[in-house]
Amino acid sequence: MKCPVQSGGNAEILLDYCAHSLDAQRAALLEQHMVECADCQAFHDAQSALWTTMDAWPSYPEPPDFDRKIFAQIAAETHQSRWRQWRNVIETAHMQPAMPIVGACLAVLAGLLFQTTRPAAALGEPPMHAEFRVEPSDVEQAESTLEDLEMLRRLPSVAASRNTPENSL
Amino acid sequence: MTATSLTLETAQPQLDAGVDTYIVTSGIALERDAELMLRVREGCSTSFAQLLERHRGPVIHFLYRMVQNQAVAEELAQEVFLRVYRSRGTYEPTAKFTTWLFRIATHLALNAIRDGKAEKNKESLDNEQADGAVRQVADRKLSVEQVLVNQVKVDEIRRSIQSLPDKQRSAVLMHKYQELEYSQIAKVLNCSESAVKSLLFRAYETLRSKLAHFS
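Residues numbered from 1 in each chain as written. Chains lettered and ligands numbered in written order. Predicted model: local features only at pLDDT ≥ 70, side-chain atom pairs only at ≥ 80, totals over all residues.

(A) Representation of the overall build of chain B. Counting its secondary structure elements, chain B contains 10 helices and 3 strands. Its helices and strands in sequence order give chain B the pattern α-β-β-β-α-α-α-α-α-α-α-α-α, from N to C terminus. Residue pairs at least 24 apart in sequence account for 56% of intrachain contacts in chain B once pairs closer than 6 positions are excluded. (Helix = DSSP H or I, 4+ residues; strand = E, 2+ residues; numbered from the N terminus. Contact = placed C-beta atoms within 7 Å.)

(B) View of the overall build of chain A. Along its length, chain A carries 8 helices and 0 strands. Taken across its 169 residues, chain A has 9% of its residues classed as buried. (Buried ≥ 20, exposed ≤ 12 C-beta atoms within 10 Å, placed from the backbone.)

(C) Structural detail: helix α7 (residues 144-162) of chain B. The terminal C-alpha atoms of α7 of chain B, which comprises 19 residues, lie 27 Å apart, in line with the 27 Å expected from a rise of 1.5 Å per residue. Of the residues making up α7 of chain B, those classed as buried are Ile 157, Ser 160 and Ile 161 of chain B. Down the axis of α7 of chain B, the buried set is contained in an arc of 95°. They therefore lie on one face. Within α7 of chain B, the exposed residues directed more than 90 degrees away from the buried face are Val 144, Glu 145, Leu 148 and Val 152 of chain B. Elements that come into contact with the buried residues of α7 of chain B comprise α4 (38-54) of chain A together with α8 (166-177) and α10 (193-210) of chain B. (Expected span 1.5 Å × (residues − 1). Arc of directions from axis to C-beta.)

(D) Molecular detail of unusual backbone geometry. All names here are of chain B. One non-glycine residue, Gln 68, adopts positive backbone phi at about 55°. Within the fold, Gln 68 resides in the loop between α3 (45-67) and α4 (70-86). The phi dihedral of Glu 179 is positive, around 55°, even though this residue is not glycine. Within the element layout of this structure, Glu 179 appears in the loop between α8 and α9 (182-189). Its 11 C-beta neighbours within 10 Å are what place Glu 179 among the exposed residues.

(E) Quick peek at the interface of chain A and chain B. Taken residue by residue, the interface counts 22 residues in chain A and 32 residues in chain B. When residues of the side of chain A that touches chain B are traced back to their parent elements, those giving at least two are α2 (12-18), α4 and α5 (66-95) of chain A.

(F) Structural context of the packing of α4 of chain B against helix α5 (residues 97-115) of chain B. All names here are of chain B. Between α4 and α5, whose axes approach to 10 Å, the crossing angle comes to 135°. Taken as axis vectors, α4 and α5 run oblique relative to one another. Seen from above, α4 lies across α5 with right-handed handedness. Of α5, the residues touching α4 (which contributes Val 72, Leu 76, Glu 79, Val 80, Arg 83 and Val 84) are Leu 101, Ile 104, Ala 105, Leu 108, Ala 109 and Ala 112. A class-by-class count of the residues in the contact of α4 with α5 yields 10 nonpolar, no polar and 2 charged. (Axes fitted to C-alpha atoms, helices over the stretch in contact; angles between N-to-C directions. Parallel < 35°, antiparallel > 145°, perpendicular 65-115°, else oblique. Left-handed = near helix turned anticlockwise from the far one by under 90°. Nonpolar A, V, L, I, M, F, W, Y, C, P; charged D, E, K, R; others polar.)

See below:
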């Protein structure tokens, strides 16, 4: 057997042996080797002593209400989970690049709703008792337009009278 | 329902062998803990209680030895199991359950040590614990002198282990007190098996020299 201490490559065999986790066949080989190898025997003695010393560190008793605390915490988390889910959705949605598009869609939707639900007055229809104010410039513009229309109406008859034979001579 | 949970319906417990595995008809042996965890995923709180029962002690003791503070160890142990519960929805039995559990525990413990959380509430090694609990297992047959000698010994072990680098300390505690395999420790510490062996070899070498006078 290759010496575990001198080779250094398989020194864990000694650790396993001291921890009683080595299989019987390899343990027997190591025991045979240790009879002749002082280094391995010394390593074994020191490691075994350390193993025994470390056993002196006891584990402390488990807290009696450990499980109860965990289940209470789980119950509290379950109670809050619905609100947390919504918060997460909002938080993650805020980070997404699609958010401006969603915002624009919501704005359009709000506009449409506003158009269909606002009162008639808002659509530009005058109220029944609305007061009209007529400026002098408006009257002049209306008279001028009427004169133009009258002139256009007379235009074909004027043209016809110019095309008579007397006129052609 | 996933393929894994489907196989559970055909699983038969290997009771007579006393082995903690379920033999599935497809030939895949599913670890008992993984099976319980899959049931937790399906909403079974009793299975979670069983998992707690099985692993509460080892996790608390490991964390206690890591942070060397009872209150912080309990707080961290609770966080470990809460994380396990919160992860139930995404749990897949790809690795041994204990490996996953100790990975969470080690991660939390090392973070607490780095944050100085354990230091803030440090128990004095020279004084009794605040809640009156005794560190030493009470043995009425021991004389006062023997109790004191034992106390000194335990304190020195604690100090020696505490002085080890984080990874060496974690490896030693998992190897010596939790009896985890090299492969499991490697997965927990996210390193190779040969690195774990090297860590352990160096850690035990340090401890042998520091605690040699007890032998």
